[in-house]
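Take a look at the letters that make up each chain.
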Amino acid sequence: MKYPLTSSRLKRSPSRWLAAMILFMILTMPLSAAAQPTVTIEIDGTPLALEVSPVIEAGRVLVPVAPLMRALGAAVQWLPESRQVVIEYQTDTVVLTIDSAQASYNDSLVQLQVPARILEGRTLVPLRFVSETLQAEVQWDEVNRVVHVMTQETIFQPRSIPFTVINESQLAEVPGL
């Protein structure tokens, strides 16, 4: 009995060999090689409109600086000669240099896990670092690929509510019950 795809038959039929190789590659391609779904950024529950999609580099999300800073209420300035982004928010100043793993936060050097980058003519910055330096809270939803950024106005702040413990005999004296 002859097998239909023996090596001698494959040599005689290059198109069959090519088809078999393509089929093998498709079936064994890891899912991670498939296109990654896009990452969505939400500021206080509102999706952030971006001209350049966020990028994940070394497990960190990089986003265009200008729309993020506008949404967080910070001022941003680009210094082309030094390739630096200066972010000012209230009394805080953050300076990031393109392709540098060091940033400055209120005149203190900070080591970044991923540096700022330029992509498609836009400056992308590490979202968690710049958001948290501006006192926002950041949460990553891996399943839905959403980064939730909550500003101080929306972060839940527990507060105490004064109350008085009453017993059953005092219950009858409470108006409206």
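Up top is the structure these notes are about.
Here's what I pulled together on the structure shown here.

How each quantity is defined
In this numbering scheme, every chain counts its residues from 1 along its sequence in written order. Local features are withheld for residues below a pLDDT of 70 in this predicted model, meaning they are given only at 70 or higher, and side-chain atom pairs are given and counted only at 80 or more; totals for whole chains, interfaces and linings count all residues. Side-chain metrics in this entry use all non-hydrogen atoms of the structure; hydrogen atoms and water are not considered. Of the grid points, spaced at 1 Å and generated over the protein atoms alone, those admitting a 1.4 Å probe that cannot get out make up cavities, while open sets with protein on both sides within 12 Å along at least five of seven lines make up pockets; any residue with an atom within 4 Å of a point is treated as lining. Grid points are joined across faces, edges and corners, and a volume is the space filled by probe spheres set on the points. Note on conventions: DSSP H or I runs of at least 4 residues are helices, E runs of at least 2 residues are strands, and numbering of each starts at the N terminus. Three classes are used: nonpolar for Ala, Val, Leu, Ile, Met, Phe, Trp, Tyr, Cys and Pro, charged for Asp, Glu, Lys and Arg, and polar for all others, with Gly counted as polar. Accessibility here uses a 1.4 Å probe with only protein chains present; expressed as a share of the type maximum, an area under 20% marks a residue as buried, one over 50% as exposed, and anything in between as partly exposed. Any Lys or Arg side-chain nitrogen found within 4 Å of a carboxyl oxygen on Asp or Glu counts as a salt bridge. Strands were regarded as paired on the criterion that DSSP finds at least two bridges between them. Only the stretch in contact is used when fitting a helix axis, every axis being a line fitted to C-alpha atoms; angles between N-to-C directions are given from 0 to 180 degrees. Two residues form a contact once any of their heavy atoms are found within 4.5 Å.

1. Here we look at the layout of surface pockets
Approximately 290 Å³ is the volume found for the largest pocket. Contributing elements (two or more residues each) for the lining of the largest pocket: strand E4 (60-64), helix H4 (127-133) and strand E12 (137-141). By residue class, the composition of the lining of the largest pocket is 10 nonpolar, four polar and three charged.

2. Topic: unusual backbone geometry
Its identity as a non-glycine residue notwithstanding, Asp107 has a phi of 70 degrees, on the positive side. With respect to the element layout, Asp107 can be found in the loop between strand E8 (102-105) and strand E9 (108-111). Even without a glycine there, the phi angle at Gln135 is positive, about 65 degrees. Mapped onto the elements, Gln135 comes out in the loop between H4 and E12. Looking at Gln135, the relative accessible area reads 35%, which means it is partly exposed.

3. With respect to helix H3 (residues 65-72)
Among the residues of H3, Val65, Pro67, Leu68, Met69 and Leu72 are the ones counted as buried. Phi for Gly73, located one or two positions after H3, is positive at around 80 degrees.

4. A look at the pattern of salt bridges
Applying the stated criterion to the full structure yields five salt bridges. Measuring nitrogen to oxygen at the nearest pair gives 2.6 Å for the salt bridge that ties Glu57 to Arg117. In this pair, Glu57 is assigned in strand E3 (residues 55-57) and Arg117 in strand E10 (residues 117-119), connecting sequence segments 60 residues apart. Look at Glu57 and you get partly exposed, because its relative accessible area is 24%. Of the charged contacts, one joins Asp99 and Arg117 as a salt bridge, the two residues approaching to 2.8 Å between their closest N and O atoms.

5. Examining the sheet that holds strand E5 (residues 75-79)
Read from one edge of the open sheet, five strands run E5-E6-E7-E8-E9, paired in antiparallel fashion. A single partner strand is all that each edge strand has here, and the edge strands are E5 and E9. For this sheet the average axis-to-axis angle between neighbouring strands, irrespective of direction, equals 20 degrees. Bridge analysis of strand E6 (residues 84-89) against strand E7 (residues 92-97) gives six bridges, and the strand direction is antiparallel. Note that in E7 the partner of Gln84 across the bridge is Thr97. Against the sheet, H3 engages E5 and E6, with an angle of about 5 degrees to E6.

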